[in-house]
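Here's the letter readout for the chains.
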Amino acid sequence: MAESGFPLPPDSFCPLCADGLRDPVTIPCGDTYCLECIKIYWDQFDHIGVYSCPQCRSTFTPRPVLRRNLPDVQHKPRQQLPELTTSPSLHRESYCDFCVGRRNKAVKSCLMCLAYYCETHVKPHYESSTFKRHKLVDEMGHLDRKICPQHEKGLELFCRSDQMCICVLCTVREHRSHNITSAEEERSEKQKVLVVTQSQVQHIISERLKELQELKHNVDVLKSAAQRAQAESEKTFHEMLQAVERWKSEISQLITANMQTAMLQAEGYVERLEQEIIELQRRDAELRQILETEDNIHFLQNFPTLCVPPEAMVPKVLINPQFSFGEISKAATDIKENLDDICKKDLAKISKTVSETPVYLVLPRNGDNRLKAVPSRVDFQEPKTRADFLRYSCKMSFDPNTVYKELVLSDGNQRVTRKKTIQFYPDHPERFDGFSQVLCKEPLSGFRFYWEAEWGGEFSVGVAYKSISRKGKNSHSLLGYNDKSWSLLCSDSGYSAWHNKADRDLPDAPRATRIGVYLDYAGHILAFYSVSESMQLIHRFKAQFSEPLYAGFGVGSSVTLCQLRQNTMPYT
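Residues numbered from 1 in each chain as written. Predicted model: local features only at pLDDT ≥ 70, side-chain atom pairs only at ≥ 80, totals over all residues. Heavy atoms only, no water.

## Some words on helix α3 (residues 183–292)
For α3, which comprises 110 residues, the first-to-last C-alpha distance of 155 Å matches the rise-based estimate of 164 Å (1.5 Å per residue) to within 8%. Turning to α3, the residues buried within the fold contact β10 (157–159), β12 (180–182) and α4 (296–306). (Helix = DSSP H or I, 4+ residues; strand = E, 2+ residues; numbered from the N terminus. Expected span 1.5 Å × (residues − 1). Contact = heavy atoms within 4.5 Å.)

What follows is the structure in structure tokens.
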């Protein structure tokens with residue numbers, strides 16, 4: 001009978017402690033362990049938050065809830081179990097070897113006696129000098145592995161030649177003339193190696209946690225980008241529907257206006273024709289009357305006026321065969337077909353681009369910098385032409401909460417102008433109060449971004465962490481003068497690049513009133529380009545970014561964010 005209170009097959013055992021199952025639990029992958037064994041094994045992964053099965057290596061997040069198996073659960077025997085590497089701190093409940101009747105839980109094990117002791121029976125080891133050479137430890141459940149299987153003696157030595165623990169008798173025959181040392185000395189040497197390994201593991205854990213946090217942040221950014229793209233597309237199509245409704249109304253008005261004009265003209269013709277017919281009918285009545293008279297003198301006297309043929313009062317009116325309302329219907333049909341062609345063509349183009357551009361780049365961890373699990377046809381090199389850069393163009397707007405007190409926003413927060421008068425902005429912790437600067441609203445992280453700005457007067461453009469200081473006239477709040485920002489200073493005399501108070505003059509850089517900024521967050525690149533008939537590189541920073549970035553500007557006269565035509569919008 002297992003201690004859980006129900007029978008188990010005789011070959012049912014826990015792979016972790018290699019003993020009979022105690023309070024067996026089956027984890028989600030189907031493998032079964034002692035409740036205490038798997039609990040202790042998983043405790044060491046709480047700081048990571050990812051838990052795995054020691055046998056099949058299946059992973060679980062969050063930590064599965066452990067419940068004892070029901071009595072009717074069948075435990076299948078396992079054969080050819082894979083070799084497991086368990087934690088050195090792993091132990092299971094053990095019971096005192098000296099209790100009579102009901103055995104108490106052991107609290108210590110003696111490496112000399114090779115026995116377990118409860119709180120009562122361990123006291124002689126503390127009180128009697130007989131046991132002063134004995135070594136008590138807290139580990140439980142491993143004493144059987146501390147006995148030499150061949151000589152049934154305690155394992156006290158270590159054979160460096162065979163890399164195994166041995167007993168004193170092993171040195172006589174099996175390990176004679178081998179490099180033998182004490183277990184304590186060998187443990188001391190190997191502990192140094194484990195300390196280094198532990199340091200490496202802790203460093204890897206720190207890096208992975210940082211990667212996990214960054215990946216989660218980037219997924220949130222990607223989700224927000226998808227939501228913004230969805231909202232913008234819905235807004236665009238709503239505007240298109242409104243435009244179609246306007247076109248429909250204009251065509252309907254055109255048809256109605258032409259129809260009303262034609263009806264008015266037709267009514268005039270009808271009225272005149274009806275009057276002419278009445279006049280002709282009156283003439284016909286007079287002719288009939290004169291023809292029927294028997295008074296010859298009367299007939300002859302009226303003949304001169306009645307014999308003259310009547311003149312046509314109304315011209316003959318026909319419908320012009322070349323006029324047709326069908327032309328308007330055909331124009332509407334042509335508009336629809338052209339719109340369908342444009343939508344199909346552009347949708348096919350963007351669908352191809354999206355399907356061929358992977359969302360994630362999978363990099364190996366073996367030092368090989370080549371990309372894996374990425375389609376070979378996708379080019380991850382830095383863009384070369386302006387069309388390449390426009391693939392990563394993003395819509396930006398100035399943040400009113402950051403704008404300096406002498407700056408005025410306009411054009412839907414797309415333009416900022418410096419005035420001599422103070423603007424009465426409300427106090428805000430993110431507002432620059434020492435320098436004529438402003439940041440944009442949109443966080444930039446994880447992907448590639450491109451934007452352009454036109455400037456007048458002295459001006460600086462760059463990026464900054466949200467944690468950059470906003471208060472006071474000091475280097476902590478000036479773009480490019482601290483470790484939280486990078487900037488390009490532009491003036492009529494030339495350019496200079498700034499980061500953390502270090503500047504680099506760029507006397508040969510091409511001049512332009514429009515500056516393009518390219519950010520490859522994951523690729524650690526921030527580049528500035530002059531934009532005119534062609535794009536020319538001004539300066540490129542290589543930096544390891546650790547926080548989301550925000551586009552920033554120092555305004556001497558005015559700065560305008562350029563509206564760019566986006567070929568694709570994967571990241572905005």
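## Some thoughts on the confidence of the model for the protein
Overall, the predicted model of the protein reaches an average pLDDT of 82, with 87% of residues at or above 70. The least confident element of the protein, judged by mean pLDDT, is strand β2 (residues 19–20) at 78; the most confident is strand β15 (residues 437–439) at 96. Confidence drops under a pLDDT of 50 for residues 1–11, and excluding neighbours within four residues, the segment shows 19 contacts in the predicted structure. Per-residue pLDDT stays below 50 along residues 567–572; that stretch engages in 23 contacts with residues further than four places along the chain or on separate chains. (pLDDT = per-residue confidence, 0-100.)

## Quick notes on the nonpolar core
Judged by nonpolar contacts, the single largest core of 44 residues is most densely connected at W451, I515 and F553. Within the second largest apolar cluster, 16 residues are counted, among which are Y33, C34, L35 and W42. (Core = buried A, V, L, I, M, F, W, Y, C linked by side-chain atoms within 4.5 Å. Buried < 20%, exposed > 50% of the residue type's maximum accessible area, 1.4 Å probe, protein only.)

## Here's the deal with the side chain of S460
Positionally, S460 belongs in strand β17 (residues 459–465). Beyond its immediate sequence surroundings of up to four residues, S460 is in contact with L479, L488, L489, G552, F553 and G554.

## Remarks on the sheet that holds strand β24 (residues 549–555)
As summarised here, the arrangement of the six strands in space is β15-β24-β17-β18-β19-β20, forming an open sheet in which the pairing is antiparallel. Looking at strand neighbours, the two that pair on one side only are β15 and β20 (502–506), the edges of this open sheet. Along the sheet, successive strands turn relative to each other by an average axial angle of 20°, direction set aside. Bridge count for β17 against strand β18 (residues 485–491) is six bridges, and the pairing is antiparallel. Paired with V461 across the bridge in β18 is L488. (Pairing = 2+ DSSP bridges. Axes fitted to C-alpha atoms, helices over the stretch in contact; angles between N-to-C directions.)

## Description of helix α1 (residues 35–43)
Because an α-helix completes one turn every 3.6 residues, residues spaced three or four positions apart along the sequence face the same direction. Among all positions of α1, only L35, C37, I38, I40, Y41 and W42 are buried. Looking at the buried positions of α1, the neighbouring elements they touch are β1 (13–14), β3 (24–26), β4 (32–34), β5 (51–52) and β6 (59–60).

## Quick look at the packing of aromatic side chains
The full count for this structure, using the stated rule, is 16 aromatic pairs. Ring geometry for W42 and Y51: centres 6.1 Å apart, planes at 65°, overall edge-to-face. Both residues of the pair, W42 and Y51, belong to the buried class. The structure contains a cluster of three or more aromatic residues connected by ring pairs, namely F389, Y392, Y450, Y518 and Y529. In this structure, R470 is placed above the aromatic ring of F432, and the distance from its NZ or CZ to the ring centre is 5.4 Å. It is R511 that lies over the ring of Y495; its NZ or CZ is 5.9 Å from the centre. (Phe/Tyr/Trp six-rings, centres within 6.5 Å; stacked < 30°, edge-to-face > 60°. Lys NZ or Arg CZ within 6 Å of the ring centre and 35° of its normal.)

## Observations concerning the pattern of salt bridges
Across all of its chains, the model carries 17 salt bridges by this definition. Two residues, K190 and E186, come together in a salt bridge whose shortest N-O distance is 2.4 Å. On the criterion of helical spacing, the pair formed by K190 and E186 is a turn pair, its members being four residues apart in helix α3. Between E430 and K466 there is a salt bridge, with its nearest N and O atoms 3.8 Å apart. With E430 in the loop between β14 (415–418) and β15 and K466 in the loop between β17 and β18, this pair connects stretches of sequence that are 36 residues apart. Linked by salt bridges that have partners in common, R160, E185, E186 and K190 make up one network. (Salt bridge = Lys/Arg side-chain N within 4 Å of Asp/Glu carboxyl O.)

## Observations concerning the state of the cysteines
Scanning the entire structure with this criterion turns up zero disulfides. The structure places no disulfide on C110, whose sulfur is separated from the nearest cysteine sulfur, that of C113, by 3.5 Å. Free of any disulfide, C440 has its nearest neighbouring cysteine sulfur in C394, separated by 8.7 Å. We classify C440 as buried; its relative accessible area is 2%. (Disulfide = S-S within 2.5 Å.)

## Observations regarding the sheet that holds strand β23 (residues 535–542)
Sheets are built from strands that pair by backbone hydrogen bonding, the pairs being arranged parallel or antiparallel. Across the sheet, seven strands lie side by side as β13-β14-β25-β16-β21-β22-β23; this open sheet has antiparallel pairing. Since the sheet does not close on itself, it has two edges, and those belong to β13 (407–410) and β23, each with one partner. Neighbour-to-neighbour, the strand axes of the sheet open up by a mean angle of 20°, direction not taken into account. Here three bridges tie β14 to strand β25 (residues 558–561), and the two strands are oriented antiparallel to one another. Across the sheet, T417 pairs through a bridge with S558, a residue of β25.

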